[in-house]
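Remarks on the overall topology
For reference, the chains in residue letters:
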Amino acid sequence: MPPLDAAFLERACSTIADTARSAHVAVVLGTERIVDQGTRITALVIDRDGSIAGFQDKVQLDPSEDSTYAPGAERRIFRSGELTFGIVICHEGWRYPETVRWAARRGAQLVFHPHFHEPEPGGYRPTRFADPLNTFHEKAMLCRAAENTIYFASVNCAIEGSPSTSAVVRPDGTLLAWQPYGTEGLLVADIDTAAATGLLASRCTTT
């Protein structure tokens, strides 16, 4: 990959922050950043007033990323208005359910899960959510919500042939909304934060 352009990232973040302030919306932006330890995969959180709330770096890297990126060192909880939320990035949410539970046990009502799921050559092309013939990924979305009693919002790019899509899952593990496969669009869902009690996450006994 080409070297990371720090000036470009700074301009892009500034532009998006200005737009967030104008539209009065909060933003979770999948991006990269340069730190002393190297380049990190990260999510930048921008609040509704355009202020930078902080970053959630990807802590659990996919093995294929080890030679390119430095892992993050900590997890964070964010707040915007009445919503308390956490973020897990791609591989973390699929393979490490502990990352979602960490946020749920600290009051997150919703966990955002930005991911990039490329199609495999000759891979299965789903037309319905959580198709039994498809990979495990969309079933994992349902589990991450149900096993923690929180909302789980998984966001993929609109990639032709991708085996997963963007979806919002209720705290009981049922599907609230999903985006048609490979179709660009804005997925909108209303959530009831009172339903996101975090009950099952709080009952987990750790040793």
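Everything that follows concerns the structure shown earlier in this document.
Positionally, His137 belongs in helix α4 (residues 137-146). If we skip the residues at most four places from it in the chain, His137 touches Trp94 and His117.

Moving on to empty space enclosed by the protein. All chains considered together, the criterion is met by 1 cavity of 30 Å³ or more. In this structure, the largest cavity encloses a volume near 30 Å³. For the lining of the largest cavity, the secondary structure elements donating two or more residues are β2 (38-46) and β4 (78-80). Across the lining of the largest cavity, the residue classes break down as 5 nonpolar, 1 polar and 2 charged.

A few words now on the side chain of Lys58. Note on placement: Lys58 falls in the loop between β3 (52-57) and β4. On the accessibility criterion, Lys58 (2% relative accessible area) is buried. Side-chain polar atoms of Lys58 contact the side chain of Glu65, separated by 3.0 Å. In this structure, Lys58 is in contact with Ile41, Thr42, Glu65, Pro71, Gly72, Ile89, Cys90, His91 and Glu92, ignoring residues within four places of it in sequence.

Moving on: the nonpolar core. In terms of nonpolar packing, the biggest core is built from 34 residues, with Phe85, Ile87, Val111, Met141 and Phe152 touching the most fellow members. Put simply, the parts of the chain that give this core at least two residues each are β2, β5 (83-87), α3 (97-104), β6 (110-114), α4, β7 (151-155) and β8 (167-169). Other than its neighbours up to four places away in sequence, Phe152 contacts Val88, Val100, Val111, His113, Met141, Arg144, Ala145, Ala167, Val168 and Val169. Counting 6 residues, the second largest nonpolar core, distinct from the first, contains Ala17, Ala20, Val27 and Leu44.

As judged from the 5 bridges shared by β2 and β3, these two strands associate in the antiparallel manner. Among the inter-strand pairings, Leu44 is bridged to a residue of β3, identified as Phe55. Linking β2 to β3, which pair antiparallel, is a turn of 5 residues; within it Gly50 sits at a positive phi near 85 degrees.

So, on to the environment of Ser164. Topologically, Ser164 is positioned in the loop between β7 and β8. Residue classification places Ser164 among the buried residues on the basis of a relative accessible area of 3%. For the pair Ser164 and Ile87, spaced 77 residues apart in sequence, the C-alpha to C-alpha distance is 18 Å. Those residues in contact with Ser164 that lie beyond four places of it in its chain are His115, His117, Glu138, Met141, Asn156 and Tyr181.

Okay, the sheet that holds β3 next. Strand order in the open sheet made by the 3 strands is β1-β2-β3, with antiparallel pairing throughout. Pairing within the sheet leaves two strands with one partner each, and these edge strands are β1 (27-35) and β3. If you compare each strand with its neighbour and ignore which way they point, the axes differ by 35 degrees on average. Helix α1 (residues 6-23) contacts β1, β2 and β3 of the sheet and is inclined by roughly 155 degrees relative to β1.

Cut-offs and rules
Residues numbered from 1 in each chain as written. Predicted model: local features only at pLDDT ≥ 70, side-chain atom pairs only at ≥ 80, totals over all residues. Heavy atoms only, no water. Helix = DSSP H or I, 4+ residues; strand = E, 2+ residues; numbered from the N terminus. Contact = heavy atoms within 4.5 Å. 1 Å grid on protein atoms, 1.4 Å probe; cavity = no way out; pocket = protein on both sides within 12 Å on 5 of 7 lines; lining within 4 Å. Points joined across faces, edges and corners; volume = space filled by probe spheres on them. Nonpolar A, V, L, I, M, F, W, Y, C, P; charged D, E, K, R; others polar. Buried < 20%, exposed > 50% of the residue type's maximum accessible area, 1.4 Å probe, protein only. Polar contact = N/O pair within 3.5 Å; in protein donor to acceptor, adjacent residues only side chain to side chain. Core = buried A, V, L, I, M, F, W, Y, C linked by side-chain atoms within 4.5 Å. Pairing = 2+ DSSP bridges. Axes fitted to C-alpha atoms, helices over the stretch in contact; angles between N-to-C directions.

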